[in-house]
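# Reading the structure
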Amino acid sequence: MGSVCLSGGGSLHGSVRVPGDKSISHRALLFGAIATGTTTIEGLLPAEDPLSTAACLRAMGVTISAIDSSGVVRVEGVGLDGLQEPAQVLDCGNSGTTMRLMLGLLAGRDGRHFVLDGDASLRRRPMARVAKPLAQMGAQINGRDGGNKAPLAIAGQVLSGGTVRTPVASAQVKSALLLAGLTASGSTTVIEPALSRDHSERMLRAFGAELISQPHAADGPTAVVQPGSELHGQHVVVPGDISSAAFWLIAALVVPGTELTIENVGINPTRTGILDVLEQMGAPLEVLNQRDVAGEPVADLRVRHSPLKAFEIGGDVIPRLVDEIPILSVAALCAEGTSVIRDAAELRVKETDRLAVMARQLRAMGAELEETADGMVIPGGQRLKGAQVDSETDHRVAMSLAVAALIASGDTTIAQSEAAAVSYPSFWDELARLQRS
Ligand code: S3P
């Protein structure tokens, strides 16, 4: 297992192009696999999580070209009903998106049997949030803890559509249900408690699915998919991941003397909660060169070191920045005033319990903060001290601690730093390059 040693005190300069959006990369592979014809993907994230999705699809007979740093990938679609029963267990690795979307994709493969498994972290994560609404459509999914935990066995069935409500505002749950709806009998209506990222809806429509989104419906954000439409292979251009850009955005704001331009960042409004919070904090953020790339809005972001005000977040913004809360907790330590994060209990069932892990690791660096049941209360104006910290295997924790190390006095060693490769394999090299520039 690897560790990285970082010294506080320097500054970062230059431009950085973050790797492809993780959510969009998974979806491009999955939808390409069940389309007819070839899908070409540009900018696919060549990281461990999308590799897990690709490996599962290959095990079911889908031809996918090598995934490397070029980001250019070809998927030879097998059609809506062409996935073969795999001879082996489908290994989803560390990827919740892979496992949850696979549940929806495979539950309706009548007569076929599938087993999904993952690493120790994924085996702890709740899957009933997908399996239960799928069961309402007729799915048969069994697993540990009453069907809540992997390994999970799927006995493919003919599913029926209907109206299903997701128990949490989760794009993984919503996407699983929409995927199941593609081959169900009758239309499937999915209603969420709050709007989660809408990449599936956008991309499924682009592939030819009959799908309507009503984000402001009276009952809650709603998506309706009709079964039967064949999907057609597409050219997908994946924008840079705003969740990866977030580490550089906060680094630029909190590390004295720093100015960074982050290029080609996806700014889909269901993902830009972090930009709203930065505005609340008074950050000097410039959104440049706004454009539309293959159905997703994209821009370059420029930001520099600046004093920051504390923030308060909760409610509907949480799904729009759910992956950015670990790095926001680092920003809060540097702000003027006390920041408050509420309604974020979902963080406890991510790759790790991110509220507990961030609180534990930041305290090891001398931070004082309060962990609450569904968030954190973080006084600002704090000075961190270099320390021995640990990602506890969580990619977003690893990168958040890297930013914390840059503002700490002395040296910080981050154990299990290799976790960053789950979503950002070149993170440590990019950090070293921006420190040299
Ligand atoms: C994702 C949705 C989010 C996010 C995860 C990726 C997706 O999870 O945290 O990193 O690609 O749909 P939830 O759907 O559980 O909120």
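Remember, predicted model here, so these are calculated numbers, not experimental data.

Bringing the overall build of the protein into the picture now. For the protein, the count of helices and strands is 14 helices and 25 strands. Over its C-alpha trace the protein gives a radius of gyration of 21 Å, about what one expects of a compact globule, namely 22 Å for 437 residues. By its C-alpha atoms, the protein is 60 × 45 × 40 Å across when sized along the principal axes. In the protein, buried positions account for 58% of the 437 residues. Of the contacts made within the protein by residues no fewer than 6 positions apart, 76% connect residues no fewer than 24 positions apart. Here the protein holds 37 positive side-chain charges and 48 negative ones, and the gap between their average locations is 1 Å.

This model, assessed by the stated rule, comprises 6 aromatic pairs. Ring plane angle 85° and centroid distance 6.2 Å describe the contact between Phe31 and Phe207, whose orientation is recorded as edge-to-face. Of the two residues, Phe31 sits in helix 1 (residues 22–33) while Phe207 sits in the loop between helix 8 (199–206) and strand 12 (210–214), which places them 176 residues apart along the sequence. By way of ring pairs, the aromatic residues Phe247, Trp248, Tyr424, Phe427 and Trp428 are connected into one cluster.

Right, let's get into the nonpolar core. Soluble globular proteins: nonpolar side chains tend toward being buried together. Ranked by internal contacts, the top residues of the largest apolar core, which has 78 residues, are Trp248, Ile250, Ile313, Leu362, Phe427, Trp428 and Leu431. At 11 residues, the largest contribution of residues to this core is made by helix 9 (residues 242–254). Setting aside its immediate chain neighbours within four residues, Leu362 contacts Ser329, Val330, Leu333, Ala367, Leu369, Leu401 and Ala404. Grouped together as the second largest cluster of nonpolar side chains are 65 residues, Leu30, Leu105, Val173 and Val225 included.

Time to look at the domain arrangement of the protein. By convention, interface size is frequently given as the accessible area that disappears when the constituent parts associate. Considered domain by domain, the protein is made up of domain 1 (3–19 + 239–436) and domain 2 (22–237). One C-alpha centre belongs to domain 1, the other to domain 2; they are set 28 Å apart. On the domain 2 side, the residues contacting the 27 residues of domain 1 number 24 residues. When domain 1 packs against domain 2, close to 2200 Å² is buried across both sides, 50% of that on carbon and sulfur atoms. On the domain 1 side of the interface with domain 2, the three residues burying the most area are Thr270, Glu351 and Val422, jointly 24% of the side's total. Along the contact surface separating domain 1 from domain 2 lie 3 salt bridges. Of the charged contacts in the structure, one is a salt bridge between Glu351 and Arg125, with a shortest N-O distance of 3.7 Å. Between the two partners, domain 1 and domain 2, sit 12 residue pairs in polar contact (both at pLDDT 80 or more). Elements with a contribution of two residues or more to the side of domain 1 that touches domain 2: strand 17 (296–304) and helix 13 (395–406). When the residues that make up the side of domain 1 that touches domain 2 are grouped by side-chain class, the tally is 13 nonpolar, 5 polar and 9 charged.

This part covers the side chain of Asp241. Mapped onto the elements of the fold, Asp241 is located in the loop between strand 14 (235–237) and helix 9. Asp241 gets classed as buried once you look at its relative accessible area, which sits at 2%. Discounting chain neighbours no more than four positions away, the residues touching Asp241 are Val18, Pro19, Gly20, Asp21, Lys22 and Arg271.

Let's shift gears to the sheet that holds strand 17. Spatial strand order, 2-15-17-16: 4 strands in an open sheet with mixed pairing. The open sheet has two edge strands, strand 2 (13–17) and strand 16 (285–293), and neither has a second partner. The mean angle between the axes of side-by-side strands here comes to 10°, regardless of whether they run parallel or antiparallel. As paired strands, strand 2 and strand 15 (residues 259–266) are joined by 5 bridges and run parallel to one another. Paired with Arg17 across the strands is Glu263, a residue of strand 15.

Our focus in this paragraph is the packing of helix 13 against helix 14 (residues 427–436). Their axes nearest at 11 Å, the elements helix 13 and helix 14 cross at an angle of 20°. As judged from the angle between their axes, helix 13 and helix 14 are roughly parallel. Considering how the two elements wind past one another, helix 13 and helix 14 form a crossing that is right-handed. On helix 14, the residues that touch Ala398, Met399, Ala402 and Leu406 of helix 13 are Phe427, Trp428, Leu431 and Gln435. Residue composition of the contact of helix 13 with helix 14, grouped by class: 7 nonpolar, 1 polar and no charged.

Where side chains of opposite charge bring their charged atoms close, a pairing between them can arise. Per the counting criterion, the structure on display carries 26 salt bridges. In this structure, the salt-bridge partner of Lys22 is Asp49, at a minimum N-O distance of 3.3 Å. Here Lys22, found in helix 1, pairs with Asp49, found in helix 2 (residues 48–59); they are 27 residues apart in sequence, far enough to count as distant. Residue Lys22 shares its accessibility class with Asp49, and that shared class is buried.

Quick notes on the rules
Residues numbered from 1 in each chain as written. Predicted model: local features only at pLDDT ≥ 70, side-chain atom pairs only at ≥ 80, totals over all residues. Heavy atoms only, no water. Helix = DSSP H or I, 4+ residues; strand = E, 2+ residues; numbered from the N terminus. Rg over C-alpha atoms; globule rule 2.2 N^0.38 Å. Buried < 20%, exposed > 50% of the residue type's maximum accessible area, 1.4 Å probe, protein only. Contact = heavy atoms within 4.5 Å. Lys, Arg positive; Asp, Glu negative; His and termini not counted. Charge placed at Lys NZ, Arg CZ, Asp CG, Glu CD. Phe/Tyr/Trp six-rings, centres within 6.5 Å; stacked < 30°, edge-to-face > 60°. Core = buried A, V, L, I, M, F, W, Y, C linked by side-chain atoms within 4.5 Å. Domains from an automatic or database assignment. Buried area = accessible area lost by both parts, 1.4 Å probe. Salt bridge = Lys/Arg side-chain N within 4 Å of Asp/Glu carboxyl O. Polar contact = N/O pair within 3.5 Å; in protein donor to acceptor, adjacent residues only side chain to side chain. Nonpolar A, V, L, I, M, F, W, Y, C, P; charged D, E, K, R; others polar. Pairing = 2+ DSSP bridges. Axes fitted to C-alpha atoms, helices over the stretch in contact; angles between N-to-C directions. Parallel < 35°, antiparallel > 145°, perpendicular 65-115°, else oblique. Left-handed = near helix turned anticlockwise from the far one by under 90°.

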